[in-house]
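Working through the structure, step by step
So the chains spell out like this:
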Amino acid sequence: MLKTHRCGILRKEHIGQTVTLAGWVNRRRDMGGVIFIDLRDSSGIAQVVIDSGKTDVDFSIAEKVRNEFVLQVRGTVDPRMEGMENPNLATGAVELTVSEINILNPSKPVPIQVDKEATEDESLRLKYRYLDLRRERMQRNLRIRHAAIKYIRDFLDQRNFIEIETPILFKSTPEGARDYLVPSRVHPGKFYALPQSPQQLKQLLMVAGYENYFQIARCFRDEDQRADRQPEFTQMDLEMSFAERDDILDMIEEMTIGMVEHTSVIPLASKEFPRISYREAMERYGSDRPDLRFGMELIELTDIMKDSAFKVFASNAKDGKPTKAICAKGCGHYSRKDMADLEDYAKKFGAKGLAYLAIDPETEQVKGPIAKFFSTEQLDAIMTKMDAGVGDLILLSSDNKLVVNSVLGELRLEMGRRLGLTENTSLNFCWVIDFPLFEEEMSDGHYAPSHHMFTAPQRAHIPMLDTDPHAVLSEQYDLVCNGYEVSGGSIRIHERPLQRKIMELIGFSIEEAQDQFGHMLEAFEYGAPPHGGIAQGLDRLVALMAGEPNIREVMAFPKNQNATDLMADAPSFVAQHQLDDLNVAHKGAAIEAVEEAEQ
RNA sequence: GGGGACGUGGUGUAGUGGUUAACACGUCGGCCUGUCAAGCCGAAGAUCGCGGGUUCGAUCCCCGUCGUUCCCGCCA
């Protein structure tokens, strides 16, 4: 090795030792007769001192050194002089007095400043990702990611899980997201698909008798990007035979708690993960992924509205349309314009308008356009139910249940953001369970699965598949953290007749099912064990634990919003003979793009 | 596919319908033996994303286009 010690580990106990360090110049401070260099390696930073008064060191070399040069230095670890310690540096009690300095490689001036926090446009960071990754923040994030993955592997290994790799080249299926396709050279006209998840394969591993499978699996989805969505991403994917729902929930909960405690920068809010039914989540938070960092729950006021003089709400109540509200603490001073902004926001989610009651911070009177329609008793009842006090703002919505929950759910999040309640200071997990098996009725009279078509209905609800499919609850479960869905899974269907019934309800013909899932259906006829599993979005979870606003910050080489790798410039055009091999030809916009590129 | 924001030296920003586009960091040179965001002195570095239009004159106003980003659609 070209070094005997790592920069970041030097402490008082090393004083007197002769050591060799190697790393990058984080910063250089030239005093004329003495030059200080902050030498950085993957372990941290050490200050090295080159003193022109010492004859055994070639001072002229130190004068040539610039930021990001790669150096090797040999010297003795000395205590810093009295009062010269640097408490901001882990190695700040000592410094290396250099007797030999060697430039291993110089560096051009860097386009981004490695020793400073990122301020530049993200596209520049992505173009020079290998420099951006030198930064402390990215080094930290990728270490958190490594620690999380290692924790998961160790945890599952101890519980008799084995990690099995599944193919990246697999089969396209029509439902779900758009597939990334890979043309086959050997089979003209045929394509592989990159897996959106190893879902089918892990179920087949259950049929194969492995009982406990997991994988840190790369998944691919050709959809438009978001802050927490990349074309390729990583899932902790897991499947268990003979497990019931709570077995999986309990184990994942234990694993998640352990992982957060071992690796997270942001602390866990509670070791109790509440289990909330889908219905309750929608009623109380207006979302199937409730952000539990704050309260501001949706409260039903329909009873009070029923007898009120406010005709819109009263007649809605008679039509079975609820009125619900949230209470934003301390927002009673909102101006007419603030309220107009909020109303516009509410309308984006289907609200026809936005009613409100504000308790004026000065007069302590209830004000707002609809206040006059309510008696003092009714207003008192509303205040009590909403737990509202002086200076608070109550936002009301009345419509069908779906709209009311969605509008107030979004307003709740918006008010939470405005009130600073969504700061990323703790991780608030909860389980959402008892999802409906089907989402909505399609125009052709068929049903859409709310998770995927292998999700099992709850045993007791199976008879309702014939009578009232919408009422059927499933064995699906999601793990939610701070309003993000971080995991999702289910107990699967393992019996062929039930699977066929579900496919019929979804509108899959026997032929279609046979063509796309024939291997699955056939496999299930050879003694498929009852099984279930879960997949965790690792990128999102690590981003939450690292306190980062998007998943690109916890991925080494992410793509930008247009699914482009700005560093390598991928995707790129390929040679004609490559296309010829694949029997693939350009068409439409691709022809124009190629012509343009050739000019 | 749609909407919003942004685009000015290497980087981050400021600015203006009119002579020489300002500041900080970085870079280069000089001074300096105890700094740690070192300091001081000096210098170089920008066709103001690209194309078109309005105008006597556009970095600024208008249109288009490209790029980046956030959101909706899409996606579990």
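Residues numbered from 1 in each chain as written. Chains lettered and ligands numbered in written order. Predicted model: local features only at pLDDT ≥ 70, side-chain atom pairs only at ≥ 80, totals over all residues. Heavy atoms only, no water.

Inspection of every chain in the model, using the stated rule, returns 48 salt bridges. In this structure, the salt-bridge partner of Glu120 is Arg135, at a minimum N-O distance of 2.9 Å. Of this pair, Glu120 sits in the loop between β5 (94-105) and α2 (122-127) while Arg135 sits in the loop between α3 (129-132) and α4 (136-158), and the two are 15 residues apart along the sequence. A relative accessible area of 21% means that Glu120 is categorised as partly exposed. Relative accessible area serves as the criterion here: at 4%, Arg135 is assigned to the buried category. A salt bridge links Asp466 to Lys501, with the shortest nitrogen-to-oxygen separation between them at 2.9 Å. Of this pair, Asp466 sits in helix α13 (residues 464-467) while Lys501 is found in helix α14 (residues 496-506), placing the two residues 35 residues apart along the sequence. Each of Glu120, Arg125, Arg129, Asp132, Arg135, Arg137, Arg140, Glu548 and Glu553 takes part in one network of salt bridges that share partners. (Salt bridge = Lys/Arg side-chain N within 4 Å of Asp/Glu carboxyl O. Helix = DSSP H or I, 4+ residues; strand = E, 2+ residues; numbered from the N terminus. Buried < 20%, exposed > 50% of the residue type's maximum accessible area, 1.4 Å probe, protein only.)

This next bit is on a nonpolar patch on the surface. On the surface, a nonpolar cluster with roughly 290 Å² of combined accessible area is contributed by Tyr130, Phe557 and Met567. Judged by relative accessible area, which is 44%, Tyr130 ranks as partly exposed. (Patch = residues over 30% accessible without salt bridge, like charges linked within 9 Å, V, L, I, M, F, W, Y side chains within 5 Å. Areas by Shrake-Rupley, 256 points an atom, 1.4 Å probe, with all protein chains shown as cover.)

On to the protein's contact with RNA strand B, then. Taken together, 46 residues lie near RNA strand B, and Arg27, Met84, Glu95, Ser450 and Asn562 sit nearest. Among atoms of RNA strand B positioned within 4 Å of the protein, sugar and phosphate together represent 52%. Here Gln47 contributes a side-chain N or O atom positioned 2.8 Å from a base oxygen of RNA strand B. Here a phosphate oxygen of RNA strand B sits 2.7 Å away from a polar atom, N or O, in the side chain of Arg552. Among the elements of the structure, β1 (18-30), β2 (34-41), β3 (44-51) and α2 are those that each provide at least two residues to the surface near RNA strand B. Each residue belonging to the surface near RNA strand B can be placed in one class, and the counts come to ten nonpolar, 17 polar and 19 charged. (Near = heavy atom within 4 Å. Polar contact = N/O pair within 3.5 Å; in protein donor to acceptor, adjacent residues only side chain to side chain. Nonpolar A, V, L, I, M, F, W, Y, C, P; charged D, E, K, R; others polar.)

Our focus in this paragraph is the domain arrangement of chain A. By a widely used convention, the size of an interface equals the accessible area lost when the partners come together. Domain boundaries in chain A define domain 1 (7-105), domain 2 (294-418) and domain 3 (435-519). If you average the C-alpha positions of domain 1 and of domain 3, the two centres end up 63 Å apart. (Domains from an automatic or database assignment.)

Where burial is concerned, most of strand β9 (residues 212-220) is hidden: eight out of the nine residues are buried. The sheet contact formed by β9 and strand β10 (residues 232-241) spans nine bridges and is antiparallel. Counted as the bridge partner of Arg218 is Thr234 from β10. (Pairing = 2+ DSSP bridges.)

Looking now at unusual backbone geometry. The omega torsion across Ala570 and Pro571 is 0°, close enough to zero to call that bond cis. Here Pro571 shows up in the loop between α16 (538-546) and α17 (576-582). Phi angles above zero are rare outside glycine, and Phe242 is one such case at about 65°. By secondary structure assignment, the location of Phe242 is in the loop between β10 and α6 (245-263). Owing to a relative accessible area of 54%, Phe242 belongs among the exposed residues under this scheme.

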